[in-house]
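# Residue-level structure breakdown
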Amino acid sequence: MSNILALSALEPRYGRYTTGQIQGLFETALTGLRAIVLASNGAATLHTGHWGCGAFGGNKGFVAAVQLLAAGTAGVKEVCYWNCHPELDR
């Protein structure tokens, strides 16, 4: 079984995330990921990457940390973090 979860990306204002944006991103990710864990009887693997770090200019390290924290809290057992454009990682 496959589950696809689509989340909206945030655009940091002036290069910084607000407290509300951080909380909202974490809660949205947690809610969606927890639903997938429950639907898969705990056997969910998350395949993800740099949400909102292209056109939206998000911070790759911060976005990765939020995803990993949300995944762990939601009970995701395995995370595959895909970096599709290694030439852009600097």
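Refer to the structure above for everything that follows.
Residues numbered from 1 in each chain as written. Predicted model: local features only at pLDDT ≥ 70, side-chain atom pairs only at ≥ 80, totals over all residues. Heavy atoms only, no water.

## Overview of the overall build of the protein chain
Here is the rule: Working definition: helices are DSSP H or I runs of at least four residues, strands are E runs of at least two. Numbering for both runs from the N terminus. Values of the radius of gyration come from C-alpha atoms, whereas the globule rule sets the reference at 2.2 Å times the count of residues to the power 0.38. Working definition: with a 1.4 Å probe on protein chains only, accessible area under 20% of the residue-type maximum means buried, over 50% means exposed, and in between means partly exposed. Any two residues whose heavy atoms approach within 4.5 Å are treated as being in contact. Here the Shrake-Rupley method, with its probe set to 1.4 Å, supplies the accessible areas, and only the displayed protein chains count as covering residues.
If you tally the helices and strands in the protein chain, you get two helices and two strands. Counting helices and strands in the order they occur from the N terminus, the protein chain gives α-β-α-β. Over its C-alpha atoms the protein chain spans a radius of gyration of 13 Å, differing by no more than 12% from the 12 Å that the globule rule assigns to 90 residues. Considered along the principal axes of its C-alpha atoms, the protein chain spans approximately 40 × 30 × 20 Å. Out of the 90 residues belonging to the protein chain, those deemed buried represent 29%. Considering only contacts within the protein chain whose residues lie at least 6 apart along the sequence, 70% involve residues at least 24 apart. A total of about 6000 Å² of accessible surface is found on the protein chain, and carbon and sulfur atoms cover 57% of it.

## Re the packing of helix H1 (residues 19-39) against helix H2 (residues 60-74)
Using the following cut-off: Angles shown run from 0 to 180 degrees and are taken between the N-to-C directions of axes, each axis being a line fitted to C-alpha atoms and, for helices, limited to the stretch in contact. To sort the angles, those under 35 degrees are grouped as roughly parallel, those over 145 as roughly antiparallel, those from 65 to 115 as roughly perpendicular, and the leftovers as oblique. Each crossing is labelled by how the near helix is turned from the far one, with a counterclockwise turn of less than a right angle marking it left-handed and a clockwise turn marking it right-handed.
Axis separation between H1 and H2 bottoms out at 8 Å; the angle between their running directions is 40°. Considered as vectors, H1 and H2 are oriented oblique to each other. As for the relative orientation of H1 and H2, their crossing is right-handed in sense. On H2, the residues touching Ile 22, Leu 25, Phe 26, Ala 29, Leu 30, Leu 33, Arg 34 and Val 37 of H1 are Phe 62, Val 66, Gln 67, Leu 69, Ala 70, Ala 71, Thr 73 and Ala 74.

## Here we look at H2
What counts here: In this analysis, the expected span of each helix is defined as 1.5 Å times one less than the number of residues it contains. Starting at the helix axis, one direction is taken to each C-beta atom, and the arc is that of these directions. Residues adjacent in sequence count toward polar contacts only when both atoms are side-chain atoms; beyond that, a polar contact is any pair of N or O atoms within 3.5 Å, and within protein one must be able to donate a hydrogen and the other to accept it.
The end-to-end C-alpha distance of H2 is 21 Å, a good match for the 21 Å that 15 residues give at a rise of 1.5 Å each. Within H2, the full set of buried residues consists of Val 63, Ala 64, Val 66, Gln 67, Ala 70, Ala 71 and Ala 74. Down the axis of H2, the smallest arc covering the buried residues is 160°, so these residues share one side. Within H2, the exposed residues directed more than 90 degrees away from the buried face are Leu 69, Gly 72 and Thr 73. Where H2 is buried, its residues meet H1, strand S1 (45-48) and strand S2 (78-81). A side-chain oxygen of the first residue of H2 lies 3.0 Å from the backbone nitrogen of Gly 61; this N-cap is Asn 59.

Everything listed here is a matter of coordinates, which is why it stays silent on function.
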